[in-house]
Amino acid sequence: MASKAKITGVSHYVPPKVLTNKDFEKMVDTTDEWIITRTGIKERHILEDGKGSSYMGAFAAKRALEEAGVSPEEIEMIVVATVTPDMMFPNTACLIQDQIGAKNAWGVDVNGACSGFIYATAMATQFIETGRHKKVLVVGADKMSAITDYTDRNTCVLFGDAAGAIVLEPSEDPELGIIDYILRSDGSGGKYLYQLGGGSLHPASHETVDKKMHYIYQDGRTVFKYAVAGMADITEEIVKKHHIDSKDIKMLIPHQANMRIIDATARRLKLDPEKVLINIHKYGNTTAATIPMGLSEVYQDGKLQKGDTVLFAAFGAGFTFGSMLLRWAI
């Protein structure tokens, strides 16, 4: 019988520089009250120039390995979820592999936007369940400040920089570990949230830079409408599939894009507020980092015990969306 994959270590990294809503009042036509009311965000962290997503990912990875009691040399595979790789190639997984000394690992990047961490964890889980690998590192890292237009008041207040990482190993107890996941895409939503420049369709040029094509574009209203339904639906689907009662869920760790989207998902599951991880006010939307960072905070705060049922949920550009159900193993 195949072993379940279980999380044996988790950690995160947040850069020290903070950008508050008051700072944005001096940069664009907005107010602290407007930002909080519409998004729930009060501040976000920004990585310094000259450092990329791999820097944050490596930092979080080293801490997660220490938590798991696993040496870098034992890691066989690295999966990195990011939409802000340091460069087009080599991939960010290779950069992190080198920075942490995981010389026996191979690695790959996954671009699933805000659902990227769930996608990456689902991929990595397969290698544990089949017995192909025993120790896999999954990282979610994004330097969203690198692709944010700080003159666009509609998007610049939303995003921050961070990384989170987990270590996956086989579970000796069949009741503990990752139980299931549901992954979905809806490519028709691509026209509502994207970064046009820098790929093979629109390579970097004076024109793409002048037209600000290397920044995030978002049709906020449309994305919000799809995200509210998509994240709530897929979360409810996995709970019903496994006959989980809301009272048996210890913690929902949702992607942190917008407070109203999180609230809609929690209401659908009839979850008490204390069972919903919320840190958007401190970090904003850190894309692939939000879920592992939230998990790390919950664990470090002592809110998870062995056997607790934990639920992940996300919705992002693509559109991508997914949910994951697990029983905590540490």
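Residues numbered from 1 in each chain as written. Predicted model: local features only at pLDDT ≥ 70, side-chain atom pairs only at ≥ 80, totals over all residues. Heavy atoms only, no water.

So, about the sheet that holds strand β5 (residues 106–110). Sheet architecture is open: five strands sit in the order β1-β7-β6-β4-β5, paired in mixed fashion. Either end of the sheet is taken by a strand with one partner, and the two such strands are β1 (5–13) and β5. Each adjacent strand pair in this sheet contributes to an overall mean axis angle of 20°, direction not counted. Across eight bridges, the pairing between strand β6 (residues 136–143) and strand β7 (residues 161–170) is antiparallel. (Pairing = 2+ DSSP bridges. Helix = DSSP H or I, 4+ residues; strand = E, 2+ residues; numbered from the N terminus. Axes fitted to C-alpha atoms, helices over the stretch in contact; angles between N-to-C directions.)

On to the environment of phenylalanine 24. Relative to the assigned elements, phenylalanine 24 resides in helix α1 (residues 21–25). Owing to a relative accessible area of 0%, phenylalanine 24 belongs among the buried residues under this scheme. Ignoring sequence-local partners within four residues, the contact set of phenylalanine 24 consists of Leu19, Thr30, Ile35, Arg44, Tyr150, Cys156 and Val157. (Buried < 20%, exposed > 50% of the residue type's maximum accessible area, 1.4 Å probe, protein only. Contact = heavy atoms within 4.5 Å.)

Let's shift gears to the sheet that holds strand β13 (residues 320–327). To summarise the sheet geometry, strands pair through backbone hydrogen bonds and adopt either a parallel or an antiparallel arrangement. The sheet built from four strands is open, its strands ordered β8-β13-β12-β11 with mixed pairing. Of all strands in the sheet, those bounded by a partner on one side alone are β8 (177–185) and β11 (249–254). Within the sheet, the average angular offset between the axes of one strand and its neighbour, ignoring direction, is 10°. Of the strand pairs in this sheet, β8 and β13 are connected by eight bridges, and their pairing is antiparallel. Its bridge partner lying in β13, leucine 183 is registered against glycine 322. Packing of helix α7 (residues 220–241) onto the sheet brings it into contact with β8, β11, β12 (309–316) and β13, and relative to β12 it is tilted by some 150°.

Right, let's get into helix α4 (residues 92–100). Inspection of α4 places Thr92, Ala93, Leu95, Ile96, Gln97 and Ile100 among the buried residues, and these make up the whole buried set. The inward-facing, buried residues of α4 abut α3 (53–68), β4 (77–81), β5 and β6. Two or three places before alanine 93, at the opening of α4, asparagine 91 has a side-chain oxygen 3.2 Å from that residue's backbone nitrogen. Two residues or fewer past α4, glycine 101 is found with a positive phi of approximately 80°. (Polar contact = N/O pair within 3.5 Å; in protein donor to acceptor, adjacent residues only side chain to side chain.)

Now for the nonpolar core. Phe24, Val239, Leu252 and Leu311 are the most contacted members of the largest nonpolar core, which totals 38 residues. Setting aside its immediate chain neighbours within four residues, leucine 311 contacts Thr235, Ile238, Val239, Ile249, Met251, Leu252, Ile253, Leu269, Met324 and Leu325. Ala124, Val136, Met251 and Leu304 belong to the second-largest nonpolar core, a separate cluster that totals 33 residues. (Core = buried A, V, L, I, M, F, W, Y, C linked by side-chain atoms within 4.5 Å.)

For the structure shown, the criterion picks out 15 salt bridges. In this structure, aspartate 308 and lysine 250 form a salt bridge, with 3.1 Å as the shortest nitrogen-oxygen distance. Taken together, the positions of aspartate 308 in the loop between α10 (290–300) and β12 and lysine 250 in strand β11 put the pair 58 residues apart, joining distant regions of the chain. Accessibility expressed as a relative area gives 31% for lysine 250, which makes it partly exposed. Through salt bridges that share partners, Asp233, Glu236, Lys240 and Arg268 make up one connected network. (Salt bridge = Lys/Arg side-chain N within 4 Å of Asp/Glu carboxyl O.)

Residue proline 90 follows phenylalanine 89 across a cis peptide bond; omega there is 0°. Residue glycine 318 is joined to phenylalanine 319 through a cis peptide bond whose omega torsion reads -15°. Position of phenylalanine 319 among the secondary structure elements: in the loop between β12 and β13. Look at alanine 113: it is not a glycine, yet its phi comes out positive at around 55°. Here alanine 113 lies in the loop between β5 and α5 (116–129). Residue class for alanine 113 comes out buried when judged on its relative accessible area of 10%. Positive phi values are uncommon outside glycine, yet lysine 212 reaches one of about 60°. Tracing the chain through its elements places lysine 212 in the loop between α6 (206–210) and β10 (217–218). Classification of lysine 212 as partly exposed rests on a relative accessible area of 41%.

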